[in-house]
Amino acid sequence: MSEDDKRTDEIASGHAAALSARGAAKGGRERAKKLSSEKRIEIAHRAAAARWSKDLPRAIAGSPERPLRIGQTEIPCYVLEDGRRLLSQRGLQAGVGMSTGGAKKSGEQRMANFIGSLQSKGLEGNDLVARLRSPILFLPPGGGRPAFGYEATILPDVCDAVLEARKHGLLQPQQEHIAHQCELLVRGFARVGIIALVDEATGFQDLRSRDALAKILEAFIATELRKWVKTFPADFYREIYRLRNWKYPAAAGKRPQVLGHFTNDVVYDRLAPGVRAELHRITPRDESGRLKQQLHRWLSEDVGHPKLREHLSAVIALMKASDNWDGFKRSLDRALPKYGTTMLLPGA
């Protein structure tokens, strides 16, 4: 073959390659046009994640094989290196009864658009839609493709929004099943228990370091004894007497010692991990073994004391909604379980 012939072949090959590249690019553009804007955004997110995966937060616990179970519902969940507890984006969507398929409104957009449509009909607005449109991109344990998730506390917020929409007649007939599913979920967990549920499902409770417990105690326990202020409302004791079928005393006096055991069980064991043990450790006792000061006086002003008051309000509400002590304890164990115990679900 002459040099001229070789040159002609090279030029022809170059033209063919260029035409092939232009054809592939055109085909790619045509395929992209057929995708919804939400799907293109999701693909772009994943492409960026693949390029910058080394900068993504990594999960240290959790897998699809160990999902969060609430009744018959299963949602994959994870715990990140920084302690954030996540629910899988698709798992959350399926968990509230929404389809995860379809091309028009996929991924986080489907749920965000749903909640947004409810707000446009008059549902009180908040930052829920913005949170749904901003899922957390992370790497599952062991690597693999990046995944989307939401902080676990978004689940009760979504359920609250849907149930509020049903209450005001904002749901369409074909959306009623979502409200029914959200109602089942609300019955199966309490906001204060969702973190404990995720920890148990992922096995993170076994990985929790002593440093984490130390930080909790540092936040909850004061370095100096606070001045006494009335903290436990009279309703707290009045409801205990009612539920135990005791006669409430007409005048203030010395209360039965068993009330201290009830208070430990109902309040301090459920306030935060390790708090009761630390309070008992630092509170001096007299010769008979009785505590010299009230435990709540050692709680910190900015964290411990406010959490105690919040917890007491929830406990008293459960007491008032109960007919007897056993019924109250079942409701309490379901809504405000002790740390280190398995939460009871409806029907348990």
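Everything that follows concerns the structure shown earlier in this document.
Calculation criteria
- Residues numbered from 1 in each chain as written.
- Predicted model: local features only at pLDDT ≥ 70, side-chain atom pairs only at ≥ 80, totals over all residues.
- Heavy atoms only, no water.
- 1 Å grid on protein atoms, 1.4 Å probe; cavity = no way out; pocket = protein on both sides within 12 Å on 5 of 7 lines; lining within 4 Å.
- Points joined across faces, edges and corners; volume = space filled by probe spheres on them.
- Helix = DSSP H or I, 4+ residues; strand = E, 2+ residues; numbered from the N terminus.
- Nonpolar A, V, L, I, M, F, W, Y, C, P; charged D, E, K, R; others polar.
- Pairing = 2+ DSSP bridges.
- Axes fitted to C-alpha atoms, helices over the stretch in contact; angles between N-to-C directions.
- Contact = heavy atoms within 4.5 Å.
- Parallel < 35°, antiparallel > 145°, perpendicular 65-115°, else oblique.
- Left-handed = near helix turned anticlockwise from the far one by under 90°.
- Disulfide = S-S within 2.5 Å.
- Expected span 1.5 Å × (residues − 1).
- Buried < 20%, exposed > 50% of the residue type's maximum accessible area, 1.4 Å probe, protein only.
- Polar contact = N/O pair within 3.5 Å; in protein donor to acceptor, adjacent residues only side chain to side chain.

Enquirer: I would appreciate a short explanation of the layout of surface pockets in the present structure.
Expert: Any empty space left between the atoms is revealed when a probe the size of a water molecule rolls over them. Roughly 920 Å³ of internal volume is contained in the second largest pocket. What lines the second largest pocket is a set of 27 residues, and nearest its centre among them are Leu259, Gly260, Arg290, Leu291 and Gln294. Per-element accounting of the lining of the second largest pocket gives the leading share, 5 residues, to helix α11 (residues 258-266). By residue class, the composition of the lining of the second largest pocket is 9 nonpolar, 12 polar and 6 charged.

Enquirer: Any chance you could explain the sheet that holds strand β7 (residues 147-151) here in plain terms?
Expert: Strands in a sheet are paired, the pairing made by backbone hydrogen bonds, and the direction either parallel or antiparallel. With respect to topology, 5 strands assemble into an open sheet ordered β1-β4-β5-β7-β6, the strand pairing being antiparallel. The outermost strands of the open sheet, each flanked by one partner alone, are β1 (59-61) and β6 (136-138). Ignoring which end each strand starts from, the neighbouring axes of this sheet average 50° apart. Pairing between β1 and strand β4 (residues 77-80): 2 bridges, direction antiparallel. Along β4, the bridge assignment pairs Ala61 with Val79. Relative to β4, helix α8 (residues 194-202) is tilted by about 95°, and along the sheet it contacts β1, β4 and β5 (85-88).

Enquirer: Whenever I open this one, the packing of helix α6 (residues 154-167) against helix α7 (residues 176-188) confuses me. Can you help?
Expert: Two quantities define a packed helix pair, namely the angle between the helix axes and the distance between the axes. Contact geometry of α6 with α7 gives a least axis separation of 9 Å together with a crossing angle of 130°. In terms of orientation, α6 and α7 fall into the oblique class. The chirality of how α6 crosses α7 is left-handed. The segment α6 lies against α7, with Leu155, Cys159, Val162, Leu163 and Arg166 engaging Glu176, Ile178, Ala179, His180, Cys182, Glu183, Leu185 and Val186. Counted by class, the contact of α6 with α7 contains 9 nonpolar, 1 polar and 3 charged residues.

Enquirer: What should I look at first to understand the state of the cysteines in this one?
Expert: Each disulfide consists of a covalent bond between the sulfur atoms of two cysteine residues. By the definition in use, this model includes 0 disulfides. The cysteine Cys182 is free of any disulfide, with Cys159 supplying the nearest cysteine sulfur at 3.8 Å.

Enquirer: Is there a simple way to explain α7 in this structure?
Expert: Residues spaced three or four apart along an α-helix point in a common direction, a consequence of the helix completing one turn every 3.6 residues. Between its first and last C-alpha, α7 extends 19 Å over 13 residues, near the 18 Å set by a 1.5 Å rise per residue. Those residues of α7 that fall on the buried side of the exposure criterion are Ile178, Ala179, Gln181, Cys182, Leu185 and Gly188.

Enquirer: Please clarify how the side chain of Thr231 should be interpreted in this entry.
Expert: Secondary-structure assignment places Thr231 in the loop between α9 (210-220) and α10 (234-243). Since its relative accessible area comes to 6%, Thr231 is described here as buried. A polar contact is formed between the side chain of Thr231 and the side chain of His296, at a distance of 3.4 Å. Excluding its chain neighbours within four sequence positions, the residues that come into contact with Thr231 are His296, His305, Leu308, Arg309 and Leu312.

Enquirer: What exactly am I supposed to notice about the pairing of β5 here?
Expert: Each regular strand shows side chains that alternate between the opposite faces of the sheet. Alternating residues of β5 divide into Arg85 and Leu87 and Leu86 and Ser88, and every residue in both groups is buried. Sheet analysis places β4 next to β5, joined by 3 bridges and oriented antiparallel. In the strand pairing of β5, Tyr78 is matched with Leu86. Note that β5 and β7 share 3 bridges and pair antiparallel. Paired with Leu87 across the two strands is Tyr150, which belongs to β7.

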